[in-house]
Every structure is written in structure tokens, then in C-alpha cells.
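Here are the chains, one letter per residue:
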Amino acid sequence: MRTSPSHASQAFFTDRTQRWQVLLQHRGMFKKFQPSTDIVGQTPVKSSVQRGIRSTLLSSWKIDTETLEEIWPKKESIVHVKCRDHLSIYALHGEPLFFQGHDGPYLPTVRLLHKYPFILPHVRIDRGAIRFLLAGAHMMCPGLTSAGGWLPPADAALPAGTAVAFDAEGKEFAVGVGITKLGTEEMRAVNKGIAVESVTYVGDDLWALQKL
Amino acid sequence: MAATVDPTSTQLEKRATPPVQMFYCGVCTYPPEYCEFGNSLSKCKEWLQAQHPDLYEKYYSDVALKAKLGTISQEAQSRLEEETIKKEAKADAKADAARKKKLASQVIIKRIERNKRKFVTSIRGLEAFGVDLKKAAKLFAQRFATGGSVTKNAAGIDEIVVQGDVSQEIYDMIAEANEDGKGGKKGLDILKGVLIDNIELVEEKRKKDTEQ
Ligand SMILES: [Zn+2]
């Protein structure tokens, strides 16, 4: 049984699909990530380095010392899981907590973000964009500026290069983590092109990597 | 005097924010609200209805289904549902083909006589069941304190060769790894997935005339 969509919505849909298909070429960090071949090695992190990471997390995430202590107690050492392409995953007792692309910011795994949703600022994609995000696409401006999307108000605008959580229209929990490519005010003004690069999302290979 | 709480100390003592208790789908691992974007929606729904009827109601009641449409058009939603059905059918067909292929695959454990009373054991066909040959060879070598390696046979197919006559022991290990309900003994999970009925034990004797 097939419903026949009106021409208008068909055109909208096709146009959008094509746009996303182009974008699917540029996938997130953890699309086609194979632990058996892409993990180079695991090394314990020196305590001086751990202190540095801890203070970076405290200044770059919206988190207090007590909560960070809960996630990663001071007396416990994290393990640095070195991966291909200068990708680093940091794990505690084998559970990936956060990661860092080539000198980029420390980003929480989606599972950690689910437990502590306040550690990153949020943006919201509309329902139509969800399946594209889940296929690895970066997010375009219209998916965030449409009626189903959401961006922080002007007085809380985010600059380009900010780590954000992707909420999704009609959903309770975040669906992924990305880095803004434009400032949120710019997204509104320009309203085309890539707004937020997707880095990791529900169902990608980092999501699947529950134990290291 | 009974201990009283010092008001200043409770005010100063900051508390960690407790984590959100997450609940994930037992079929596709997504948060249940995202099952509709995976490729196993029917199975996810069945599972949720059986395990957590309250959550099933939350996500799949008529009211919930209407609410989640959000700003997406009815047409776009119908297309999404059609795609979900297609994705499921595709995933099912793929799983079915994989199952059939497994059923038709054989593992041959061969005892080969090299010299008088010198044996090696070759194991062929484990890869069809998703076993990592290198890891399995290492496991056998460790278990029997002997040499074990992956080599290409005359036909150019990778097989495991273990020094000594350990064919029965290897059969037992594979059987143990795949016993029902045991969920894989520690260390043996490398061998999981092999169909026991598809294992054949054979023997290769030295030809009399080449013997001296
Ligand atoms: Zn599911």
C-alpha cells in the first residue's frame, strides 16, 4: 500500500534527500570504525596528564567538580585508547567516557551524555533530519532553523567550533554529538549549508563499543 | 545531644548531580524512542511490549504516535514508515542469507600424521562462523602450550595449524564455547557462533610407501 504524496511535499522530500546524500559522503568519526583494526594500542595516562585533562573538562564542559568526580574519580586512572587518524578514546574500567579527534575538544560519548545531558549546550534537529543524522550525515542549517528544530536564543548564541549535543524533535534523549561549523546566529542568517558537523551518534561504531 | 545537621556545612557541601538512569532497547540498543529509525522496529516493539508494557504504552500508544509526528507532514511520515519496512525486510533477508550460509558451512578438524607419532592438527572453516582465525590460533596455542598459526593451505585458503594431536580437545573447546545457556566461558568467546553439528573430525594418515 502506497500513499501518494502531494507534489509539493514530494519535491521537498526529494530535494532534501539529494542534499543529504551528498553530505553522507562526509561521515562522522565513528562511521566504519573497526576496533580490531582501528585501535592502535591502550596506554595508561600519566597522572600529570590526567590532571590536565581533568581541568580541561572542568573548564570546557558544563560540569562541577563533584559530578566529574562521580564520573571519573580522582583516584582512578583512565586509559588512553589510541586509534587511527589521531583519534583518542579515554576509557575507565573499559568503558569509553570521552574522546578527542586530532587536537579537537574532548567530547563525551553519547552514552555519557545521556547520563549527564547538561555537560554540553544543546541544539535540536527536526524530525525529518533524524534519519539522516543516524546515517552519518552532518546537519544542515534548515534542519535546525525549521519549526521542529531549535537553536539557543541570541543572548546565548554559540560560536563556531562549539561542541554541542543534538536533541531531536519529539524525543527525550540526545541523538548525537557534533561541533558547530557556523555560529548559531549565522545559521539563522545564512540558513543553508552545513551548520553542525556530526561526530558521533546513537548506533554508530563508538556507540557499539561498550567495552574496550 | 542528638546530632543535628549544621546548616552552614550542608550549604557548603556541593553534591554531584546523579546520572539519568538510561534504559536502552534490548534488540537494537537504541533508546526505545529511536527504535523507529533502526532496522528492527517490529522486533523492538515486540520485545518492549513483552518486557516493559508501560514503556510500550508510552512510545506506541495512539496519542504518542500522533505526538511524535511533530512538524513533519503526514506524507513524509508515511514515506518514513515505508522505508522502515523496507529496511527491516532487507535486514531480515541479510540475516537469513547469513544463517543459510552458516548452515551450509563446515569446519574440518584434521589430524595429520607428519612423522611416526608426530602429528599436527589443522582446523579449517572457522571463519565462516565469524571466528577470528588469528585469535583462535593463539587461544589453541596457549591452551595446549604448543605452536599454533594461521597458514594458507594448498588451495590458498587460510587454516589454523596447531602442533600435536589435539583434534578432540579442540572439538571439545568449540563445543564448550557454544553450549546453550552458558553464554560463553571466559576466553572461549572467540569460538562462539560455530554450529557443532557442522564440525567434522577427520584423519590424514601417512601413506605406507612414503614411510621408512
Ligand atoms: Zn529497538
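Look above for the structure.
It should be emphasised that the depicted structure is a prediction, and the values quoted were computed from it without experimental measurement.

**Q** So what exactly am I meant to see when it comes to the packing of helix 2 (residues 41–51) of chain B against helix 5 (residues 74–104) of chain B here?
**A** In helix packing, the relevant descriptors are the interaxial angle and the interaxial distance, both defined with respect to the helix axes. Residue and element names in this part refer to chain B. Running from amino to carboxyl end, helix 2 crosses helix 5 at an angle of 90 degrees, the nearest separation of the two axes being 9 Å. Here helix 2 is positioned roughly perpendicular relative to helix 5, judged by the angle of their axes. The residues of helix 5 that touch helix 2, namely those facing Leu41, Ser42 and Lys43, are Thr84, Glu88 and Asp92. Here the residues of the contact of helix 2 with helix 5 sort into 1 nonpolar, 2 polar and 3 charged.

**Q** I'm lost on the nonpolar core in this one. Help?
**A** Counting 77 residues, the largest nonpolar core has Phe98(A), Ile125(A) and Met139(A) as its most contacted members. With residues up to four places along the chain from it excluded, the contact list for Ile125(A) reads Ile130(A), Leu133(A), Met139(A), Gly143(A), Leu144(A), Gly148(A), Gly149(A), Phe166(A), Asp167(A), Ala168(A), Glu169(A) and Val175(A). If you look at the next biggest cluster of nonpolar residues, it comprises 22 residues, including Ala136(B), Met173(B), Leu191(B) and Val194(B).

**Q** In this structure, what is going on with the coordination of the zinc ion? I would like to understand it.
**A** A metal bound by six donors in octahedral fashion has ideal angles of 90 or 180 degrees, whereas one bound by four tetrahedral donors has an ideal angle of 109.5 degrees. Taken together, Cys25(B) (SG), Cys28(B) (SG), Cys35(B) (SG) and Cys44(B) (SG) make up the full set of protein donors to the zinc ion, lying 2.2 to 2.3 Å away. Viewed at the metal, the 4 donor atoms of the zinc ion are separated by angles of 107 to 113 degrees, and the geometry they form is tetrahedral.

**Q** Sorry if this is basic, but what is going on with the interface of chain B and chain A here?
**A** With 31 residues of chain B at the contact, the number on the chain A side is 36 residues. Between chain B and chain A, roughly 3000 Å² of surface is buried when both sides are summed, and carbon and sulfur atoms account for 56% of that area. Looking only at chain B, the three residues that lose the most surface to chain A are Tyr34(B), Phe37(B) and Arg79(B), adding up to 21% of its buried area. Between chain B and chain A we count 4 salt bridges in total. Among the secondary structure elements, those contributing two or more residues to the side of chain B that touches chain A are helix 3 (53–60), helix 4 (62–69) and helix 5 of chain B. Here the element with the most residues in the side of chain B that touches chain A is helix 5 of chain B; it accounts for 8 residues.

**Q** Even after reading the chapter, I still don't get the packing of aromatic side chains, so can you show me in this structure?
**A** Note on aromatic pairs: each is described by the distance of the centres and the angle between the planes. Counted by the stated rule, this structure contains 11 aromatic pairs over all chains. Summarising the aromatic geometry, the rings of Tyr90(A) and Tyr106(A) are spaced 5.9 Å apart at their centres and angled 75 degrees between planes, so their arrangement reads as edge-to-face. With Tyr90(A) in strand 3 (residues 87–92) and Tyr106(A) in strand 5 (residues 106–108), this pair connects stretches of sequence that are 16 residues apart. Assigned by exposure class, Tyr90(A) and Tyr106(A) land together as buried. Three or more aromatic residues joined by ring pairs form one cluster here, namely Trp61(A), Trp72(A), Tyr90(A), Phe98(A) and Tyr106(A). Note that Arg54(A) overlies the ring of Trp72(A), its terminal NZ or CZ placed 4.1 Å from the centroid. The side chain of Lys171(A) reaches across the aromatic face of Tyr34(B), ending 5.7 Å from its centre.

Reading guide: rules and limits
Residues numbered from 1 in each chain as written. Chains lettered and ligands numbered in written order. Predicted model: local features only at pLDDT ≥ 70, side-chain atom pairs only at ≥ 80, totals over all residues. Heavy atoms only, no water. Axes fitted to C-alpha atoms, helices over the stretch in contact; angles between N-to-C directions. Helix = DSSP H or I, 4+ residues; strand = E, 2+ residues; numbered from the N terminus. Parallel < 35°, antiparallel > 145°, perpendicular 65-115°, else oblique. Contact = heavy atoms within 4.5 Å. Nonpolar A, V, L, I, M, F, W, Y, C, P; charged D, E, K, R; others polar. Core = buried A, V, L, I, M, F, W, Y, C linked by side-chain atoms within 4.5 Å. Buried < 20%, exposed > 50% of the residue type's maximum accessible area, 1.4 Å probe, protein only. Donors = N, O, S within 2.8 Å, 3.2 Å for Na, K, Ca; no water. Tetrahedral: all angles 85-135°; square planar, octahedral: opposite > 155°, others 65-115°. Buried area = accessible area lost by both parts, 1.4 Å probe. Salt bridge = Lys/Arg side-chain N within 4 Å of Asp/Glu carboxyl O. Phe/Tyr/Trp six-rings, centres within 6.5 Å; stacked < 30°, edge-to-face > 60°. Lys NZ or Arg CZ within 6 Å of the ring centre and 35° of its normal.

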